[in-house]
Amino acid sequence: MKKNLISMAVAATLSIAAFAASAEDMYRGAWYAVPGVSYLSTDGDLNANNGGGAFIKLGKELSESWDIQGGIGYNTAKESGIPGATGRYKDTTLGLDALYMFSRSNFRPFLLAGIGAGRNKLSYTGTPQVNALDNTKTSWLANVGLGAQYLINDSFGLQADIRQQWSRAKGGLVDTINGTNGNATETVSNTLLNLGGIFRFGAPAPMPVVAAAEPAPAAVVATPAPAPVAEVAPTPLPAAEACKPTLETITISAEKLFGFDKSKLQDDGKAALDEVAAKIKGNPDLELVLVTGHTDRIGSVAYNQKLSERRANQVKAYLVSQGVEASRLQAVGKGKSEPVEACTGVKGKKLIQCLAPNRRVVISAEKQRESGCK
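Overview of the environment of tryptophan 166
Tracing the backbone through its elements, the reader meets tryptophan 166 in strand 7 (residues 156-170). Look at tryptophan 166 and you get partly exposed, because its relative accessible area is 31%. Setting aside residues no more than four positions away along its own chain, tryptophan 166 makes contact with Trp140, Leu141, Ala142, Asn143, Val144, Thr187, Val188 and Ser189. Side-chain polar atoms of tryptophan 166 contact the side chain of serine 189, separated by 3.4 Å.

Digging into the pattern of salt bridges
In the structure shown here, the tally under the stated rule is 9 salt bridges. Taking the shortest distance from any N to any O, the salt bridge between arginine 108 and glutamate 61 comes out at 3.1 Å. With a gap of 47 residues between them, arginine 108 in strand 5 (residues 107-125) and glutamate 61 in strand 2 (residues 51-61) connect regions that are remote in the sequence. The burial state of arginine 108 is the same as that of glutamate 61; both residues are buried. The salt bridge partner of glutamate 325 is arginine 328, with a shortest N-O separation of 3.2 Å. Residue classification places glutamate 325 among the partly exposed residues on the basis of a relative accessible area of 40%.

A short note on the nonpolar core
Ranked by internal contacts, the top residues of the largest apolar core, which has 23 residues, are Leu257, Leu273, Val315, Leu319 and Ile363. With 5 residues, helix 4 (residues 267-281) is the largest single contributor of residues to this core. Residues within four places of leucine 273 in sequence aside, it is in contact with Ile252, Leu257, Leu265, Val315, Tyr318, Leu319 and Ile363. Residues Ala48, Ala85, Tyr89 and Ala169 belong to the second largest nonpolar core, which totals 12 residues.

Looking at the packing of aromatic side chains
Inspection of the entire model under this criterion finds 4 aromatic pairs. Each ring, one from tryptophan 66 and one from tyrosine 100, has its centre 5.2 Å from the other, and the planes form 70 degrees; the classification is edge-to-face. With tryptophan 66 in strand 3 (residues 66-78) and tyrosine 100 in strand 4 (residues 86-101), the pair connects residues that are 34 residues apart, well separated along the chain. Taking 5.2 Å as the distance between ring centres and 55 degrees as the angle between the ring planes, the aromatic pair formed by phenylalanine 156 and phenylalanine 199 counts as tilted. Of the two residues, phenylalanine 156 is situated in strand 7 and phenylalanine 199 in strand 8 (residues 185-201); the sequence distance between them amounts to 43 residues. Classification of phenylalanine 199 by relative accessible area gives partly exposed; the value is 42%. Chaining the aromatic ring pairs together yields one cluster made of Trp66, Tyr100 and Phe102. Over the face of the ring belonging to phenylalanine 55 we find lysine 57, whose NZ or CZ atom lies 5.0 Å from the ring centre.

Quick word on helix 4
When the terminal C-alpha atoms of helix 4 are compared, their 21 Å separation across 15 residues agrees well with the 21 Å that a helix rising 1.5 Å per residue should span. Those residues of helix 4 not exposed but buried are Gly269, Ala272, Leu273, Val276, Ala277 and Ile280. Down the axis of helix 4, the buried side of the element spans an arc of 145 degrees, and every buried residue falls inside it. Exposed and facing more than 90 degrees away from the buried side of helix 4 are Asp267, Asp268 and Glu275.

Brief notes about the confidence of the model for the protein chain
Residues with a pLDDT of 70 or more make up 71% of the protein chain, whose mean pLDDT is 78. Within the model, pLDDT remains below 50 along residues 229-235, and this stretch shows 0 contacts once partners closer than five positions in the same chain are excluded. Below pLDDT 50 for its whole length, residues 237-241 participates in 0 contacts with residues either more than four positions away or in separate chains.

So, the pairing of strand 11 (residues 329-333)
Counted residue by residue, strand 11 has 5 buried out of 5 residues, so it is predominantly covered. Going residue by residue along strand 11, you find Leu329, Ala331 and Gly333 tucked away on one face and Gln330 and Val332 tucked away on the opposite face as well. Examined bridge by bridge, strand 10 (residues 286-294) and strand 11 share 5 bridges and lie parallel to one another. From the neighbouring strand, threonine 292 faces strand 11, where its bridge partner is valine 332. Handedness of the crossover is the feature at issue here: the chain leaves strand 10, passes through helix 5 (residues 301-321), returns alongside strand 11, and the resulting connection is right-handed.

Calculation rules
- Residues numbered from 1 in each chain as written.
- Predicted model: local features only at pLDDT ≥ 70, side-chain atom pairs only at ≥ 80, totals over all residues.
- Heavy atoms only, no water.
- Helix = DSSP H or I, 4+ residues; strand = E, 2+ residues; numbered from the N terminus.
- Buried < 20%, exposed > 50% of the residue type's maximum accessible area, 1.4 Å probe, protein only.
- Contact = heavy atoms within 4.5 Å.
- Polar contact = N/O pair within 3.5 Å; in protein donor to acceptor, adjacent residues only side chain to side chain.
- Salt bridge = Lys/Arg side-chain N within 4 Å of Asp/Glu carboxyl O.
- Core = buried A, V, L, I, M, F, W, Y, C linked by side-chain atoms within 4.5 Å.
- Phe/Tyr/Trp six-rings, centres within 6.5 Å; stacked < 30°, edge-to-face > 60°.
- Lys NZ or Arg CZ within 6 Å of the ring centre and 35° of its normal.
- Expected span 1.5 Å × (residues − 1).
- Arc of directions from axis to C-beta.
- pLDDT = per-residue confidence, 0-100.
- Pairing = 2+ DSSP bridges.
- Right-handed = clockwise from strand over helix to strand, strands pointing away.

Laid out in structure tokens, this is it:
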């Protein structure tokens, strides 16, 4: 039974890992709670049937690759394998798990390893051998496993994992039942299949888009009508030279700046932004430079809007760090509202590649002043 469960879980997780990275990243350093239920497959030495229980955990996204989860669990199972005996096995745990995340998309497979404390209680009655068997053992606990998360939206998702859990138990073991040593202690290994809901909280508020204030209309002052004068034919003025922009619109791939499924600026992206910063500083007449973040259409509207704003603000912060005045920069996010590629009918990994032009940051001069321009 345990081998079948583990084999199925490994195959499922490998399939998930191959499919993962099919959406924009949803990492934002969130805290989350995971309440859920468990299926327990007990070690044979415990003389107990398979059972179940419940757990609750508190988790934190530490980085693009790591989560940490801590919490408590309780499982119980009926006695089995001892003729004429009745009773229950109870397993209480307090543990801390480290999760290595293969992806920060909606679909997130992971590996886990954890440590903690476990309390195994066996209370069997009904035969001379186990009539006084009521032993409790509290010891270290260790577990390893694998699983996956699926985020339905930015605030709620599901988590499933299968893990092998080791701890120490006293009494109720096969050699104890057949012998006389009711205090025998032995390491036992249980298999747990957990399913829970993910409740994320602490979502960042969308960055407000500040509109440029319109100048107040000038006051109208009445003046006396001028005396009539003789008409003079106007002298034609030379045609004004066309105004030329001092900063062209620059579009940079989001993958070049951040890497796919990442939020940290890469060295190649910084080099491109260094050139932009030099151009802005070399054109002091620019009143406002607009930094606009865009995403592809994969994922929810709300999440993509937040992602585009977050990336635009990171680009703005880097330009400021390179000496550009913050008052000359405005960061906005357009989410997935302005695609340049539709990629209709494309699926899977090809869709990710096709939509790459939509994942971009655009830097442009929104308002410019030039000598001779009106």
